[in-house]
Structure formats: structure tokens, C-alpha cells
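Summary of the model geometry
Chain by chain, the residues run as shown.
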Amino acid sequence: MANFLAQFQTIKNACDHLIIAVEDVSDLWPTVKDAFEERLPFKKACLNNKTRNPVYVEKLPAEFILTTDARLRSRFPQEQSVFWFREPYATVVLVTCEDLDEFKTILKPRLKLIVQNDDREWFIVFVSKASPSNDQAVKLAKKVYAKLEVDFSSKKRERCCKLDLHGADTNFWEDLESKMVESIRNTLDRRVQFYEDEIRKLSEQRFMPVWNFCNFFILKESLAFMFEMAHLHEDALREYDELELCYLETVNASGNRLRDFGGLDHGDDQAALLNPGYKPLSQIVLDDSFREFEFRQYLFACQSKLLFKLNRPVEVASRGYSFIISFSKALAQYENTLPFCMREVWVITACLALIKSTFTHYDGELVAPDVEKEFHRLRGDLYSLSRVKFMRLAYLIGYGVDIERSPVNSASLSMLPWPKPAVWPSVPPDASSKVLAREKMIFQTNPRTKHFNIQRKPLPLEPSLLLREANRRRASLSAGNVFELFDSRQGPIDGPGSDGFSRPSPSNKAHVSTMSRINSGPGNLESSSLSLDRPMRLSEIHVAAEHALRRTISDPDLWKSLSSSQEFEQKYLELTKGAADNYHHSWWKRHGVVLDGEIAAVCYRHGNYDLAAKSYEKVCALYAGEGWQELLAEVLPNLAECQKILNDEAGYLSSCVRLLALDKGLFLTKERQAFQSEVLRLAHSEMKHQVPLDVSSLITFSGNPGPPLELYDRDPGTLSVTVWSGFPDDITLESLSLTLIATFSADEGAKLIRSSTATVLRPGRNTITLSLPPQKPGSYILGVLTGRIGHLSFRSHSFSKGGPPDGDDFMNYEKPTKPVLKVFKPRALVDVAAAVSSALLMNEPQWVGFIVKPINYSLKGAILHIDTGPGLMIEESHMIEMDSYTKVVQSTTVKGDADDGRNDEPSVAEEFKQFELKNGTIELPDWASNITSVLWFPVRAIDNRLARGTSAVTPSQQSVVDGMRTIALKLGFGVSHNQTFERTVAVHFTDPFHVSTRVTDKCNDDTLLLQVILHSQVKATLTIYDAWLDLQAGFVHIGKGDGRPTSSFFPLVISPSSRAGILFGIRLGILTGVDEAEVLQTDSILNIRYGISGDRTVGAHTPVVAASETVSGTELLFKSALVLQRPVLDPCLAVGFLPLPTAGLRVGQLVTMRWRVERLRDFKGDPTLSGNDEVLYEVKANRHNWMIAGRKRGHVSLSTKPGSRIVISITFVPLVAGYVRPPNLGLPDVGDANISCNPAGPHLVCILPPTLSSSFCIAA
């Protein structure tokens, strides 16, 4: 089967579409050929893929070929099985007949002979030539076609169709196309199954000696090519992937490792990743397989061609990059047999070919943003890989001096190994002039000195010394040569400008110079036998490598880019810009920024400082953001030099500051001093554009360790701040200021504090003090440090931790949350609180005490302002008293004050003083400035309301707010009274008693025993001297009738917060016409004459009296209103709630409620009731639950005769569902005591939801 390889390649190149055979039985093809070919390619053809799933092909190409064509002649059986993919996929039989007998005798036997082959897919097209005007011919044609269908069609499959040449039948072409596609699909399925069976048989023999990969390849690619002709590209791609895996497994087998790799022909250095026809397969056959170099590229070319047809250039780039990496490793294994630098040249050409081809097939408008970014990332990787390989070739031929020794180039080239040929190339005999020129160029090259005279070892661009690597791989080395190469007195140095040896010592100077003249003379190069054993110099290595590369590189464009320094630089810029631009459009933008730095280096060499500075700024921003200080130290001096040349003073100044802020170990001390000298030079010069300089990375600050500075409100102070300086020498700040930011309010703004004198900062840690003006209460943190150096203003907003390490050079850029200043409010200097906590007497003059306690602060000359609230007045006729606070009473201690001033004050004699209140203010005496004292004010709480008693059965809750009064105090103290203390104190006043009543007994003679309970509401002893009760109309006293209690135990003493009871005997009286005027008096008045004995330091006490009066003779009068209700047991009217309807109540439905009113007796003897026949009624209902549909209020006529009745009916509409309270009928003109509810109405009634409406129902 392997013998058909050349024929197989030829067939593949000649056939790229499906073939449909045409069996022209009746010579009809010239007539219908154009009409048939117009239907090609087939639209929306449905085929089956390898897994037998339907796949729709948009345009399926095909070609009609007559069976008599030479291309379809019979072949040998074995040839047909191998190349079955080019056989016809359907056979169209064209017939016509106008006579039924002719059909039976001639046409039918011939058709039977044609279609007897079951392997072919066929169908018959009957062409009717009958004219529509000839009915006889038309009928005869129909009979013949009907007979044709009967003989050759079946129920399972229609194999006949009719074409009328003189009629317009559009259905025929659709029927014809469907039959063709069906035949193609069946043929394709059958042939796929055949190839799979054959491939399976060969796969089972893979580990046998008879295994032949060429046979396997022909079958596998035949199947893949058949899928490709059918436009089933996914299946074809899958076959090539499997073929590649099988080949790699075959190549990696132990027996195949020593086979010919390939790659030795001219032009093999140019990658053929996208050209499957680069070499015929017959030329790369190796025994039973193929050479790896050509065949792997062929397979990838086939895969990429299918991926491009599938419109997947991104996958081509992804697969191509992975293939280049893996294939480069394979080239490294055979590098000693391949031409010099074959690996590097192939990688460059492969990357450039992929970049060009994928860009041509890429359409950015049809892909997602993520896919677009990935595509640009892959192109950037390809550009970057070719760029590194290209720099390696340039370095080998002597262009290393043109390559920037940047971190990225050093990292790429120092990790890239040297080429490993079996023998390093030798210098050609006629290259003496080139060697001299190259040697002169090496010695004349001087390394560029960096700005600020920075001395830094150049970064390497080679994994090891090229001189040593090249000579080590020479064919032979003598003992003398080895000693000359590895002399212990000479050592290799890095960097250009040398041939690999260090400068000789003075003692050996003459000897070495002699050797140099001998080795560098042109006469030596003419003797190849001598130069063979002598170690090669660096110039000779470059010339030899250039000569070898000339023979390796067949691409003229690539060799042109290496022909001169200018061409190399142009190609280098092209590759670098391509990689940077693509990285910028991907998500690997940092790679693009880094490569912008390489472009900037080239621009700098050519004097384009503006573009170089812009690129360097982006690179420096990236390195600074990532914290890569070592890389930043390499690039930042270049940026500073460009800015200085461009006269960009602001940018140059900022770069110098950034250089100073880098780690000290990256630069020498003298270099850092040079940075500082440039900063000072610019700061003291007249800059054209003055801009504030940000030195946050160079000067940091924090508060001193320990607790923050504590001050009182409006007190000045001194704030100490620690400042770290990153300058290498002392620096003088002409001005320095610092902002304080309040933590309690964002709207407060920053407070600026300034230094009064110039400040000198030493390197490292410095402590400076700033005068602090009075600040508002709160906590403050450090804000921004500003100042001036010469004419230059600077700013630093970086913070250091509050507790730095012991080192003086500690710098940290974390913002602290610890405050540096706390200013306390004035309430911490003095405290004023009430001396008592219990209630005082209402409407009586009482002493109110206030404790004034200084807290480590003098109250000398303090003035107290007093302002009473509503309902409270100061008795100005009395003096204000003040004495020292010497008794520790738990009830008078200020709650929560842990710092008691009395603990610190010495033992002093009790002081006492009386004041007169002048315009609401008093001045505290000097003896009270440092001790705790008590002020007593005579006040009176005014309440004109009469106290009311309550029932003992249903006691009412008393409101504490009713007896609350307020006193506003304002204390001004301190120097010039700059400190103030304000407080509003609440004082509780109350009546001495709270009265409650209850009927203890009802005697048989209608006499009632009324018990009056007196509750003491003060923390003082109350003495009752007398009590009497003034009854309301309708009640009379029994006994003497003077209103005194039935039993008198006066004087009655009541302890604090205790109770006492008094019994009164009363009975019901008869209301007469004379008493009608007294009906308005609805309350009874209880009168109590009492005395009080208490201490003003505790609470209520004896009222304040004048000096001429005696305290023991003071008696007080207390009055309280009592509500007594006459028990009425004989009602006049009865109101009954009649039953509701049994159907129930429902929301929205009218319901009538009825009440029956019945007169039980007449109104005679009761003056409060009218005796006419008109009764006023009123209905009360919750408006949220009920809607009244009748009159809410009105009069009804009810006879005055006892037993008369009337029914009141009111219509309502329920509004809500649930249990609700029903409406109530009331009689406003009749008292509740004269009404009997019988039968009583229900407490709650049930309201049902509204009935469902059909308009809102939805059928199930």
C-alpha cells in the first residue's frame, strides 16, 4: 500500500470535491448538462458525521462526470480500496422512451444491467420530450414513466423522478437534489464504515513487526480527506489529531530514536507550518514511516488548513505556539546534526509565518472580547519568542553592543542556551578583513555611562561566556591552547568592549601585548593549520558564526535583517513593537509596558528623547505599582536623564525624589548624595513652572509612641511629631506645617499648625515640636505634612506607625488610626448635680440643693447663672445658703463619677454663707473654689389644679411628668471665664397625699361606710391634725353632720411612704328643687390639715418660713376632690338588642339591627329626667367596620305610661370580615344609671366574606 504514496498525493491535489457519475443511456446529457450544473453546489445538504449525527453543510461542492470519462475508468481492486474516496458518491441514470414496447424489450433490460451493482447509489431521471400540445405523446410518456416506477422504485425508497423538457416543474429540482444528497449520504456512511474497519485492523497490529505506518497513514488521511471533500471539517481535523498522536507514539518508540530526523535540505530552515505541499510525501518516506522534521510540519499544515476553513484563526495561533515550543525541543535533540543555528532560524520563520497567516484570516468583528484578547496575547507571545531568537542570532554575529542590557533582555537571553553544534564553525580563509573590522569595532565600543555617574555592573546577555563555549566546542585543543584559555592570572569579565579576558597586570603587560599582536595579525589567518589549534578570539567567533549563518539561512529577508546594525535594529524594533502592541490589546498589558521600555532605549540612542521619556514613564509606573524596586532602579535613571535633556524640571525633580525613595542598598551613598544635590539645586533655583512636590515616599511622619497628648477645651499646648527623612544628608526646611484632622466630624475640616523656625532634618528619625493653638473638643489624627525647601513647596501624605522599631531609618507607609491629640470637653472640669433625689412639696416653698464639685480645677471667681423653668419660681425674699459638703450620703452621690473630688481635698472646717440672688446670678466664694459645696435655693412649684382621688377598686396611674420642674444652671469659671458648664436639672414635686376611696360596708338602713385611704408620697413624716369631708349633692353625713370622721384619732402620724385610713359615715339624700343648683357640684372635697417633718437633704421638708415665724406652729392645708356616685337600683328605661337574622352577616350586604326601648316607670321624683314623650337616641359605630345607611341621631315618640314600648331600626352595611364589635344605641338625655340593658347586646358579631363574583372566576 505504501507504493501508492505518490499516486495518493497526486489524487489529493487533483480532487477536492465529490463526484456524481452520470450514466447517459439515451444521449441526453448535452441537453440537460447546464440545468444540472446550475444546481451546484448543493445548499443545506444534510450529511452524517463520523458519529452518525446529522450535520448541515451550507455549500456542498460536487461535479457531474460521465461514466465514459477517462477519470472514471476501471481500476485494480486494491487501488479502488485505497482511493475509494475519489469514487462517485452517486450515479444519475438519464433515460427517455416514447414507446412502451421499446421500454420493455430494450430499455428495461439495459437498466437492470446498470443498477445490478449494489455498492453504488443510483437513481433514474426520466426525461420527457413530449410536447404539451401532443396529448398522445404526453399520455404515452406518462405510461412509460409509470411502468418505470413500478419496476425500479419500491415502498422503502423512491428511485425515479421525471423531468419534462417542455414544462416548468420546480418540484423536480427539489426532488432531484434531495435524491442526490440522500445517495451521497448513504455512500459516505458506507465508505466511512469501510475505512474505520480497515484502520481498526491496522491499529491492532501496531505492536507487531509487520506494522507499517505508511499504510496506516494512507488509510487515515484518505478518511480525513473524504471528510474534507464533504466539508465535514471537524471530523477531518479529528482524524489528523489522531494521526499526529499515533505518529508521535511511533517516533518515541525505543527502536525509532536513531532514525534520520531530516532538516538537512536547502530551505528547511524556513518553517512549512502552513504549506502542506512544501515537499512531496514520497521524498520524506523513511522505511515504513516518515522523517520527523518534514512530516510533523505536514500534519500541522493540514490541521491549520482545516482550522482556517472553520474560521478559527485563534486556535491556529494557540496550536501553533504550542507546536513551535514542542518542535523546538525536538530540534534541540538533533542540533548537533543540523546546520548551525537551525533551531533559532526555524523558530523565527515559524513565528513570523503564523503571525502573518492568522492576521490575514482573523476578523475581529465576529469574535467575543475575551477571544480577541486571547488572540492578541498569542500573537504577542509569537512576536516575543521570535524577538528573543532574533537577538540570539544577532549576538552571535557581533551585534550584542546594539542590544540594550535591560532586565527583560537579560532575563530572556541569559536563560537561552547557546547553539550546540557538533563542531563550532571555523573562520573562513578569506575573512581576515572582516575579523580586523569586527575586532576594531569591539575595542572601540565604550559602555554608556548612566546619569548621576551610577556605577552598576552590566546585566549579562549570555548564559555563559561565548568565548569559552565556542572554543570548548572546537574540534581539537592543544595543551598550550588550554593553558592560554584558562590561565589563572586572567579571568573573564562581563560586558562588551573586551574579547573575553581581563586587563593584564603590569608585570605581564609586555607578554600579553606580544601575544595579542601575534594572534591578531592577518598573517596568522592565512595558515589554517596554525589557527586550527589556537583558541578563537571573540571577533573570529563572530565572523565564523556569520559565515555559518549565511549558509543556514535561505530566507533573503531574514538574512537582510542581519546584514548590518541598521537592518538589525529595524527588524528588532518591528518585532518589539509587534509584541508590545499585541500585549497592550490583550490582558497581559504589563508585558507590553515592559517592551515599551525596550523601544524607549532605542529611541534614546537615536536622540528621540520625547518618545523615550513617555515610554520610560509607563515602565516606571508599572515597576513602582508592583513594588519591583530593583527593576525600577534600572529604568528610573534613564527617565531622569531624558527629562533633564528635555528641560522637564518638574518631571526631573520628581524622578530624583523617587530615586532617593528607593531601597538604600540599590545605590551607593555618593550616588544618593548626587540625587539630593540635584533636588536642592532645583529647589533653590528659579523654576519656570513651580509645582508642589510630592515627597510621600521620601518623608514620612507619625505621632510619638505612647498615649496621645491630652488637653482641655480652649487650652494651648505643644505637639511632638516624629519625622523620618530618606535623604542621605541633612536637609533644611525653610517652613514646615502639619494638618490635624478631627475624627468626630468629616465637615470640620483640617486644622493647620506651623513651625515658627526653620527645621533641619537629619537622615533617619527626627523629632520636631509644633505650637498647638486651642482646639475644639475631640480626637485628632495627623493629616498632611507640607513645607518649603528653598523656593519649592512639598507635600507628604504618608504615615508611619505610631510605635516604630528602634532603628532610626524605619519608614512605613501605613496610615494609623491612633489619634495624636485628644481635647476634652469642659464637663470633665466640674460637676453640678442635685443634692436630693426624692420629691418635694407642691405649692409650698422648699429648699432645692445643688452639689458643686470641682475636678482638679479651681472655681475661683466662678459665677453661677440660674434660670427656672415653667411652673417654678425662686423665693427671692429668702436668702440663698451655701455650705461645704462633708457628709457622704449614698443618695446624694453623683452616679457614675469614679473620680470623687472629696477624696483629694483636705479636711476643712464647715463653712456657711448666705447670698442674695441678683438678676439670676451669684458669685461663688473663694473657700468653695477647691472643695465640694452645696447650694440651697428656696423655690416654689406652682400647680393650680385640685388633687383628685381615685377608687381603690380601679386605681389610676399617676404621671411623674406632671410634678416635674426644671432648673437650668450655667457655671462660668476659669481664666476670664473661658470655661463654661451647662446643665439642666430636673426636680420632682408632688402632693403630700394620694387619696383613694372605697365603700367598706352598706348597712341595712342605707348607711354607707366610706373609707378614705391616704398614701404618703414624700420621704418625710406627716402629721394629720384634722380632716373633714364636704359632700356633693345627693349625699349627707350621719351623726353630727359636720363632715368629721366617725371616729377621731387625731393627731394621726404617717411615716414616709406609708398609708393610713379614715372612715366617714354617709347616706343617700333626697334631691329637692332647692338642691337643683347644687347638682352642678359633682365632686366631694376632702380637707386635711397637716404638718410635715423632714430633712431638706433627703426630700420634702417643712416649708421655708421667715425668721420671725416658728417652725412648730406651721400647719398646712391639703384638699382633694372625691367622686361619689349615687347607687340607682330602679332604672326608668330598658334598652334591649333584638336578635340578628339567622342567615348571617356578610360584607357588602345590608343588614337591619333593631333595639327595643321600654319605659319601666315614670320620671316623677327624678329631677334630672324630662317627663315628655320625646326620647333622643344616637347610634355609635366604628366607621372602619360599619357604614350607617339610616339616621344616626334623632327623636322617637315614647308614651309616658309605664310599659310602653318602641322599636328603633337602623340599616348598616358591614365593611370588613371577621369578628367585630356591633353598633351601640345610646340615649344621650338619660343617664346611664337610669337605663337597663335587657336583653344585652353581643360583644362581637361574625361578618362573613363577600360571595364570589362570576366575573372574577377563572375556569379550571
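None of the values given here were measured: they were computed from a predicted structure. (Residues numbered from 1 in each chain as written. Predicted model: local features only at pLDDT ≥ 70, side-chain atom pairs only at ≥ 80, totals over all residues. Heavy atoms only, no water.)

Section: helix α14 (residues 432-444)
The terminal C-alpha atoms of α14 lie 18 Å apart, and with 13 residues this matches the ideal 18 Å at 1.5 Å per residue to within 8%. Burial in α14 covers these residues: Val435, Arg438, Glu439 and Ile442. In an axial view of α14, the angular spread of the buried residues amounts to 100 degrees, which keeps them on one side of the axis. Set apart from the buried face of α14 by more than 90 degrees, the exposed residues are Ser433, Lys440 and Gln444. (Helix = DSSP H or I, 4+ residues; strand = E, 2+ residues; numbered from the N terminus. Expected span 1.5 Å × (residues − 1). Buried < 20%, exposed > 50% of the residue type's maximum accessible area, 1.4 Å probe, protein only. Arc of directions from axis to C-beta.)

Observations regarding the sheet that holds strand β53 (residues 1245-1248)
Within the open sheet, the three strands sit side by side as β44-β53-β50. Their pairing is mixed. Either end of the sheet is taken by a strand with one partner, and the two such strands are β44 (1145-1146) and β50 (1218-1220). Where β44 lies against β53, two bridges are found, and the strand directions are parallel. Across the sheet, leucine 1145 pairs through a bridge with isoleucine 1247, a residue of β53. (Pairing = 2+ DSSP bridges.)

Let's talk about the nonpolar core
Membership of the largest hydrophobic core comes to 207 residues, with the highest contact counts inside it found for Phe36, Val125, Phe217 and Trp346. Looking at this core, the element that brings in the most residues is helix α7 (residues 213-229), giving 12 residues. For tryptophan 346, the residues in contact, after removing those within four places along its chain, are Asp268, Asp269, Gln270, Ala271, Leu273, Phe293, Gln297, Phe323, Ile324, Phe327 and Leu331. Counting residues in hydrophobic clusters, the runner-up holds 32 residues, among them Leu864, Ile880, Met882 and Ile922. (Core = buried A, V, L, I, M, F, W, Y, C linked by side-chain atoms within 4.5 Å. Contact = heavy atoms within 4.5 Å.)

Let's talk about the environment of leucine 761
Note that leucine 761 resides in strand β17 (residues 759-761). Between the C-alpha atoms of leucine 761 and isoleucine 731, which are 30 residues apart in sequence, the distance is 5.4 Å. Excluding residues within four positions of it along the chain, leucine 761 makes contact with Ile699, Val723, Ser725, Asp729, Asp730, Ile731, Leu733 and Asn766.

Digging into the pairing of strand β21 (residues 821-824)
Successive side chains on a regular strand alternate, one facing one side of the sheet and the next facing the other. Alternating positions in β21 separate cleanly, Leu821 and Val823 being buried on one face and Lys822 and Phe824 remaining unburied on the opposite face. One ladder, built from four bridges, connects strand β12 (residues 709-712) with β21; its direction is parallel. Across the sheet, tyrosine 712 pairs through a bridge with phenylalanine 824, a residue of β21. Pairing of strand β19 (residues 778-789) with β21 involves three bridges; the strand directions are antiparallel. When the sheet's bridge partners are listed, glycine 778 is paired in β21 with valine 823.

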